[in-house]
Amino acid sequence: MPPATQRILVVDDDPHIREVIRYALEKEHFQVLEAENGEHGLTMALAEKPDLIVLDVMMPEMNGLDMCRTLRKTDNTPIIFLSSRDDEIDRIIGLEIGGDDYMTKPFSPRELVARVRVLFKRLLPQSPPTTEPALYQHANVQLNPTTYEVSWQNLPLTLTATEYNILSTLMRHPQKVYTRDELIDMDVFKDIVSHRTIDSHVRRLRQKFSDIGCKNVVETVHGFGYKLGDCR
């Protein structure tokens with residue numbers, strides 16, 4: 001049972017949907033905050049620092065995609081998008097701008113709760129095995145499995161939980177080529193994540209490293225999957 005300190009911000013312009021989500025989450029002992037549009041949601045997210053955000057895409061004032069883009073400049077709170085559009089391109093855009101998951105309306109409240117639990121499970125700190133080194137380093141990239149800190153040439157990076165998990169997996173075996181299925185199986189989203197989702201998270205991971213000068217943190221092995229790049 002989740003502790004009462006886990007707070008979830010629900011941002012949706014439909015009061016009925018907010019009520020359904022609130023009921024489902026509070027039944028599982030989560031605390032729920034509400035906002036009726038993206039502008040209000042952004043203000044609340046920055047002020048209240050929720051543990052997770054359930055975010056509708058199509059809203060007045062500021063839509064969910066714009067709210068996510070703005071929030072991601074300074075904040076990595078996990079985000080589950082809700083949308084009445086189920087086109088693949090919409091899901092990919094939502095993931096690439098910083099979303100952690102994407103559900104289409106109408107949705108099952110029980111499935112939403114399950115996805116919330118999965119995200120919280122991913123974020124739980126876990127003690128590394130005693131055989132694990134205190135620090136992973138490959139070329140100019142350093143990863144600390146105890147503090148979850150990542151840097152390149154001593155420049156710190158802020159990664160989402162999924163991005164960190166992918167990088168951590170690759171750095172543990174830098175010569176191994178991982179298929180997308182292997183990356184999915186090593187992640188707690190194994191029953192939800194698709195190959196396209198993995199690709200989207202890898203693109204975001206690459207972009208964050210590229211923005212500070214590292215042009216090859218993850219290498220694509222065509223026809224197989226991904227491996228750690230030279231990280232220079």
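Here the structure is shown first, and the text comes after it.
Let me begin by describing the structure that accompanies this report. Within each chain, residue numbers correspond to sequence positions counted from 1 in written order. Local features are withheld for residues below a pLDDT of 70 in this predicted model, meaning they are given only at 70 or higher, and side-chain atom pairs are given and counted only at 80 or more; totals for whole chains, interfaces and linings count all residues. Excluding hydrogens and water, the side-chain figures rest on all heavy atoms present in the structure.

### Overview of the side chain of Arg18
Here comes step 1: Numbering goes from the N terminus for both helices and strands, where a helix is a DSSP run of H or I of at least four residues and a strand is a run of E of at least two. The topology assignment puts Arg18 in helix 1 (residues 15-27).
Here comes step 2: In terms of polar contacts, Arg18 uses its side chain to reach the backbone carbonyl oxygen of Asp12, at 2.7 Å.
Here comes step 3: Two residues form a contact once any of their heavy atoms are found within 4.5 Å. For Arg18, the residues in contact, after removing those within four places along its chain, are Val10, Asp12, Asp13, Glu34, Ala35 and Glu36. Contacts described as polar in this section are N or O atom pairs within 3.5 Å, which, within protein, must combine one atom able to donate a hydrogen with one able to accept it, while residues neighboring in sequence count only if both atoms come from side chains.

### A word on the pairing of strand 4 (residues 79-83)
Here comes step 1: Counting buried positions over the five residues of strand 4 gives five, a clear majority of the element.
Here comes step 2: Only protein chains enter the area calculation, which uses a 1.4 Å probe; residues under 20% of their type maximum are buried, those over 50% are exposed, and those in between are partly exposed. Residue alternation in strand 4 divides its side chains into two sets, Ile79, Phe81 and Ser83 and Ile80 and Leu82, and both sets are buried.
Here comes step 3: Judged from the four bridges that link them, strand 3 (residues 52-56) and strand 4 form a sheet pairing that is parallel. Note that in strand 4 the partner of Val54 across the bridge is Ile80.
Here comes step 4: By convention a crossover is right-handed if, when the strands point away from the viewer, the path from the first strand over the helix to the second runs clockwise. Read as a crossover between parallel neighbours, the route from strand 3 over helix 3 (residues 64-71) to strand 4 is right-handed.
Here comes step 5: Strand pairing follows a simple DSSP-based rule, namely that at least 2 bridges must link the two strands. Pairing of strand 4 with strand 5 (residues 101-104), which is carried by four bridges, proceeds in the parallel orientation.

### Notes on the environment of Met103
Here comes step 1: Within the secondary structure, Met103 is located in strand 5.
Here comes step 2: Sequence separation between Met103 and Leu55 is 48 residues; the distance between their C-alpha atoms is 9.9 Å.
Here comes step 3: Once you skip the residues sitting within four places of it in the chain, Met103 turns out to touch Ile80, Phe81, Leu82, Ser83, Ser108, Glu111, Leu112 and Arg115.

### Observations concerning the nonpolar core
Here comes step 1: Counting 25 residues, the largest nonpolar core has Val150, Leu167 and Phe209 as the members making the most contacts within it.
Here comes step 2: Broken down by secondary-structure element, the contributors of at least two residues to this core are strand 7 (141-144), strand 8 (149-152), helix 6 (161-172), helix 7 (180-185), helix 8 (195-211) and strand 12 (225-228).
Here comes step 3: The contacts of Leu167, once residues within four sequence positions are left out, are Leu143, Val150, Leu159, Leu205, Phe209, Val217 and Leu228.
Here comes step 4: Throughout, nonpolar core names a set of buried Ala, Val, Leu, Ile, Met, Phe, Trp, Tyr and Cys residues whose side chains join them through atoms within 4.5 Å. Listed in part, the 20 residues of the second largest apolar core include Leu9, Leu42, Met44 and Met62.

### Quick word on the packing of aromatic side chains
Here comes step 1: Only Phe, Tyr and Trp rings are paired, with Trp represented by its six-membered ring, and only when their centres lie within 6.5 Å; those with planes under 30 degrees apart are stacked, over 60 edge-to-face, the remainder tilted. Tallying each qualifying case throughout the model produces three aromatic pairs.
Here comes step 2: Pairing Phe30 with Phe120 gives two aromatic rings, centres 5.6 Å apart and planes at 20 degrees, and the pair type is stacked. Taken together, the positions of Phe30 in the loop between helix 1 and strand 2 (31-35) and Phe120 in helix 5 (residues 109-123) put the pair 90 residues apart, joining distant regions of the chain. Taken individually, Phe30 and Phe120 each receive the classification buried, so the pair is uniform in this respect.
Here comes step 3: Ring plane angle 50 degrees and centroid distance 6.3 Å describe the contact between Phe81 and Tyr102, whose orientation is recorded as tilted. Separated by 21 residues along the polypeptide, Phe81 in strand 4 and Tyr102 in strand 5 bring together distant segments of the chain.
Here comes step 4: On the basis of relative accessible area, Phe81 is assigned to the buried category, the value being 0%.
Here comes step 5: Sitting above the plane of the Tyr178 ring, Lys176 keeps its charged end 4.9 Å from the centroid. When the NZ atom of lysine or the CZ atom of arginine is within 6 Å of a ring's centre and also within 35 degrees of its normal, the charge is said to sit over that ring.

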